[in-house]
Amino acid sequence: MTLKLISFKLCPFVQRSIITLLEKKLDFEIAYIDLKQKPDWFLDISPLGKVPLLQLDELVLFESSAINEYLDEAYAPRLHPADLLLRAQNRAWIEIANQLSAAQFKLAMAQQVIAAEAAQNQLTILFQQLEGKLGTGPFFNGSTFALVDACFAPFFTRQLLIDKHLKPVLTSCFSKTTAYGEQLLARESVANSVVADYQQIYLERLIDQGSWILGQSD
Ligand SMILES: N[C@@H](CCC(=O)N[C@@H](CS)C(=O)NCC(=O)O)C(=O)O
């Protein structure tokens, strides 16, 4: 079966699915679309008009969580924990990863200090939650990389770039979260989950947006 991921280069949800595909060492095709000019063929097959989509021959899956869980059940190695309760907890914490990415997006897109501070406050609350949950690492559940890690990783890919412009206050007082992010960024699947010119494209997006954070570096 051919696996084809319909993608957008800056999307953190797409990145989660790419990490999952890479962890499983699967062959897959990738097609990038411009979300500002969605092609008709994409709108025809995407119920929510969102990426990622996973095309499996004639069939299409949407929503990154459904895509990732399908891949996890269909292809070894299993990334979700075998333990039922731990797996349920991991799924719940993926919602925290969703909220982190949403707050980070608000911070990156903020044009005014008020909106940026509100987003930073949301991030701080979420960091407090994550810091209290993480153990000795290196990953969310301990020694084994899991699907929940694939969901947190894209947040850290972007935070690394944001921290070049802001004083990295957000992570400096959260040592476990900082170490967790470093471990994720060092993982081969995470490093290879974005395009080579990702940093430049992300910066151009911030410039286009008139992002508040760009004015903050010393
Ligand atoms: N819950 C969805 C979220 C996906 C999502 O928000 N994708 C964004 C790009 S990062 C998108 O396609 N947005 C459509 C648009 O901007 O019109 C998932 O996990 O797949």
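Within every chain, residues take consecutive numbers counted from 1 along the sequence as written. This being a predicted model, a pLDDT of at least 70 is required before a residue's local features are given, and a value of 80 or more before pairs of side-chain atoms are given or counted; all residues contribute to the totals for chains, interfaces and linings.

Colleague: What's the story with the overall build of the protein in this structure? I'm lost.
Modeller: When helices and strands are tallied, the protein shows ten helices and four strands. Taken from N to C terminus, the helices and strands of the protein fall in the order β-α-β-α-β-β-α-α-α-α-α-α-α-α. Taken against the 2.2 N^0.38 rule, which gives 17 Å for 218 residues, the C-alpha radius of gyration of the protein at 17 Å falls within 12% of a compact globule. By its C-alpha atoms, the protein is 50 × 45 × 25 Å across when sized along the principal axes. Partly exposed residues are those falling between the two cut-offs: more than 12 but fewer than 20 other C-beta atoms within 10 Å of their own, whereas 20 or more means buried and 12 or fewer means exposed, with C-beta atoms placed from the backbone. For the protein, with 218 residues in total, the buried portion stands at 31%. Placing C-beta atoms from the backbone, we regard two residues as in contact once those atoms come within 7 Å. If you take every contact in the protein between residues at least 6 apart in sequence, the share linking residues at least 24 apart comes to 71%. Where helices and strands are cited, they refer to DSSP runs of H or I of at least four residues and of E of at least two residues respectively, numbered from the N terminus. For this measure, only C-alpha atoms enter the radius of gyration; the expected value for a globule follows 2.2 Å times N^0.38, where N is the number of residues.

Colleague: Mind showing me how you'd approach the packing of helix α4 (residues 84-109) against helix α5 (residues 113-133) here?
Modeller: Helix axes use the C-alpha atoms of the stretch in contact, all axes being lines fitted to C-alpha atoms, and the angles between their N-to-C directions lie in the range 0 to 180 degrees. At their nearest, the axes of α4 and α5 sit 8 Å apart, and the two run at 155° to each other. Compared by their axis directions, α4 and α5 come out roughly antiparallel. Considering the relative orientation of α4 and α5, their crossing is left-handed. Every residue of α5 that contacts α4 at Trp 93, Ile 96, Gln 99, Leu 100, Ala 103, Gln 104, Lys 106 and Leu 107 is listed here: Ala 115, Ala 116, Ala 119, Gln 120, Gln 122, Leu 123, Leu 126, Gln 129, Leu 130 and Lys 133. Throughout, the ten residues Ala, Val, Leu, Ile, Met, Phe, Trp, Tyr, Cys and Pro are labelled nonpolar, Asp, Glu, Lys and Arg are labelled charged, and all others, Gly among them, are labelled polar. Tallied by class, residues from the contact of α4 with α5 come to eleven nonpolar, five polar and two charged. Here roughly perpendicular refers to angles of 65 to 115 degrees, roughly parallel to angles under 35, roughly antiparallel to angles over 145, and oblique to all remaining angles. Handedness of a helix crossing follows the sense of rotation of the near helix relative to the far helix, less than a right angle counterclockwise being left-handed and clockwise being right-handed.

Colleague: It is not clear to me how the sheet that holds strand β4 (residues 59-62) should be interpreted in this structure. Could you clarify?
Modeller: Pairing between the strands of a sheet is mediated by backbone hydrogen bonds and can be parallel or antiparallel. Strand order in the open sheet made by the four strands is β2-β1-β3-β4, with mixed pairing throughout. The sheet terminates laterally at β2 (29-32) and β4, the two strands that pair on one side only. The mean angle between the axes of side-by-side strands here comes to 20°, regardless of whether they run parallel or antiparallel. Here the rule is simple: two strands pair whenever DSSP picks up at least two bridges between them. Relative to β4, strand β3 (residues 53-56) is paired through four bridges, and the arrangement is antiparallel. Bridged to Leu 54 within β4 is Leu 61.

Colleague: What should I look at first to understand the domain arrangement of the protein in this one?
Modeller: Accessible area lost on assembly of the parts is the figure often given for the size of an interface. Residue ranges labeled as domains rest on an automatic or database domain assignment. When its domains are assigned, the protein resolves into domain 1 (3-74) and domain 2 (84-215). Taking only C-alpha atoms, the centre of domain 1 and the centre of domain 2 are 21 Å apart. Each partner contributes to the interface: domain 1 provides 13 residues, whereas domain 2 provides 21 residues. The greatest single-element share of the side of domain 1 that touches domain 2, amounting to eight residues, is contributed by helix α1 (residues 12-23).

Colleague: I keep staring at the nonpolar core and nothing clicks. Help me out?
Modeller: Side chains of a nonpolar character, in soluble globular proteins, are inclined to be buried together. Nonpolar core, as used here: buried Ala, Val, Leu, Ile, Met, Phe, Trp, Tyr and Cys residues forming one set through C-beta atoms within 7 Å. Formed by 41 residues in total, the largest nonpolar core has its most connected members in Leu 107, Val 148, Cys 151, Phe 152 and Ala 153. Elements supplying a minimum of two residues to this core: β1 (3-7), α1, β3, α3 (64-74), α4, α5, α6 (147-162) and α8 (175-186). Looking at which element gives the most residues to this core, the answer is α6, with eight residues. Here this core spans two domains, and each of domain 1 (3-74) and domain 2 (84-215) adds at least three residues to it. In contact with Phe 152, other than residues within four places in its own chain, are Ala 97, Phe 140 and Leu 184.

Colleague: When you look at unusual backbone geometry in this model, what are you seeing that I'm missing?
Modeller: What is expected of a backbone is that most residues other than glycine have negative phi and most peptide bonds are trans. Geometrically, the link from Ala 76 to Pro 77 is a cis peptide bond, its omega value of -5° lying close to zero. In this fold, Pro 77 is placed in the loop between α3 and α4. Between Gly 137 and the following residue, Pro 138, the backbone shows a cis peptide bond with an omega angle of 5°. By the secondary structure assignment, Pro 138 is in the loop between α5 and α6. One non-glycine residue, Lys 25, lies in positive phi territory at about 50°. Tracing the backbone shows Lys 25 in the loop between α1 and β2. By C-beta crowding, Lys 25 is classed as exposed, having 10 other C-beta atoms within 10 Å.

Colleague: What am I meant to see in helix α10 (residues 198-209) here?
Modeller: Under the convention used throughout, the expected extent of a helix is 1.5 Å for every residue step, that is, one less than its residue count. Compared with an ideal rise of 1.5 Å per residue, which puts twelve residues at 16 Å, α10 spans 17 Å between its outermost C-alpha atoms and is within 8% of the ideal. Just beyond α10, the residue with positive phi is Gly 210, at close to 70°.

Colleague: How should the environment of Phe 62 be read in this particular structure?
Modeller: Counting through the fold element by element, Phe 62 comes out in strand β4. Between the alpha carbons of Phe 62 and Ala 110 there is a distance of 28 Å; along the sequence they are 48 residues apart.

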